[in-house]
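Coordinate analysis (summary)
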Amino acid sequence: MSAEKGEAIGSYDGDNLIEVRGLLSQFGEQVIHRDLDLDVKRGEVLGVVGGSGTGKTVLLNSIIGLKQPEGGTIRIFGHDTGDLTSQQSADIEQRTGTLFQQGALFSSLTVLENVASPLVEHTRLSKDTIRELAEMKIAMVGLKPESHHQKPAELSGGMKKRVGLARALALDPELLFLDEPTAGLDPIGAAAFDALIRNLSDDLGLTVFMITHDLDSLYAICDKVAVLADKRVVEKATVQELEKSDHPWIKEYFLGPRGRAATKSAA
């Protein structure tokens, strides 16, 4: 990305908040994605699934700028991520939030300090205002005030996920990225986290890009599911439409024993 200063991105009223075209991703000679296309529509909760090695996290990292693609284009809010000024990069960072798989919390900071960190970095608000906003986000994800002064090592796995989500929401993003948000949670905790994400998406008008292997999550909260296979997105559809797919991996995934169980639980 360019290091130059420049104009802010400003408002964007297009239907697709993310547009990926002809993406090529590789590590040395190993090609992960080739000619991958994907659109993520405004207000959509999109689940991204695929077998091991299909590059789900590589795709996420390419979109959020942690990996430079070897080819193709990625546009966020209508702007090519390969040709952004430093100001535009900062604007996109403030309009997006990311919950990484393990939470990626700062171990030396309290819950309150973790959630406040994006506000400290990106705003000039007073300390009191930042504290109040951080407390609001913590309450929004269902955590009690007693958690404010705890360190990550004192939290359960589910609490860490909620703190990570609160931090991802700190700047009121339009676009939320989730990497395996229910991984490591028990079924009750996973169901509660799914409900939290769906409710926040509806209440805040969020667009959500969610990598998951959790079939229950797909059935419970996703509007569409993008399937990675054969180095590209082979289908993007509702889970009900994917149940009728002829693609071998999709059939095994959605119509295997776990898929059938998820179908029954969603009924």
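Heads up: the structure comes first, above all this text.
Looking at the secondary structure, you find H247 in the loop between α8 (239–242) and α9 (248–255). Note on H247: relative accessible area 18%, which makes it buried. Residues in contact with H247, not counting those within four places in the same chain, are A229, D230, V234 and E235.

Counting buried residues in strand β7 (residues 175–179) gives five out of five residues, a clear majority hidden from the surface. Sheet topology places strand β6 (residues 96–99) next to β7; four bridges connect them, and they run parallel. Pairing of L99 across the sheet is with L178, part of β7. Pairing analysis gives five bridges linking β7 to strand β8 (residues 207–211), with the strands arranged parallel. Paired with L175 across the strands is T207, a residue of β8. After leaving β7, the chain enters helix α6 (residues 187–204) and then returns to the sheet as β8, a path that is right-handed.

With antiparallel pairing, the four strands of this open sheet are ordered in space as β2-β1-β4-β5. Since the sheet does not close on itself, it has two edges, and those belong to β2 (30–41) and β5 (79–80), each with one partner. Where strand β1 (residues 16–27) and strand β4 (residues 71–76) come together, five bridges link them in antiparallel fashion. If you follow R21 over to β4, its bridge partner there is T73. Contacting β1, β2 and β4, helix α1 (residues 56–64) crosses the sheet at an angle of about 120° to β1.

In this section: the sheet that holds strand β3 (residues 45–50). Strand order in the open sheet formed by six strands is β6-β7-β8-β3-β9-β10, and the pairing between neighbours is mixed. Because the sheet does not close on itself, it has two edges, and the strands there are β6 and β10 (232–237). Taken over all neighbouring pairs, the strand axes of this sheet differ in orientation by 20° on average, direction set aside. The pairing of β3 with strand β9 (residues 224–229) spans five bridges and is parallel. Directly across from L46, in β9, lies its bridge partner K224.

This part covers the packing of aromatic side chains. Enumeration over the complete set of coordinates arrives at four aromatic pairs. Three or more aromatic residues joined by ring pairs form one cluster here, namely Y219, W249, Y253 and F254. Here R95 stacks its cationic end above the ring of F77, 4.1 Å away from the centre of that ring.

Below, the discussion takes up the packing of helix α3 (residues 111–122) against helix α4 (residues 127–140). The geometry of α3 relative to α4 is characterised by a closest axis approach of 9 Å and an angle of 120° between their N-to-C directions. Comparing their axes, α4 and α3 come out oblique. Judged by the twist between their axes, the crossing of α3 over α4 is right-handed. For the pair α3 and α4, the contacting residues are V111, L112, V115, A116, L119 and V120 in the first and I130, R131, L133, A134, E135, K137 and I138 in the second. Looking at the contact of α3 with α4 residue by residue, the classes come out as 10 nonpolar, no polar and three charged.

Basis of the calculations
Residues numbered from 1 in each chain as written. Predicted model: local features only at pLDDT ≥ 70, side-chain atom pairs only at ≥ 80, totals over all residues. Heavy atoms only, no water. Helix = DSSP H or I, 4+ residues; strand = E, 2+ residues; numbered from the N terminus. Buried < 20%, exposed > 50% of the residue type's maximum accessible area, 1.4 Å probe, protein only. Contact = heavy atoms within 4.5 Å. Pairing = 2+ DSSP bridges. Right-handed = clockwise from strand over helix to strand, strands pointing away. Axes fitted to C-alpha atoms, helices over the stretch in contact; angles between N-to-C directions. Phe/Tyr/Trp six-rings, centres within 6.5 Å; stacked < 30°, edge-to-face > 60°. Lys NZ or Arg CZ within 6 Å of the ring centre and 35° of its normal. Parallel < 35°, antiparallel > 145°, perpendicular 65-115°, else oblique. Left-handed = near helix turned anticlockwise from the far one by under 90°. Nonpolar A, V, L, I, M, F, W, Y, C, P; charged D, E, K, R; others polar.

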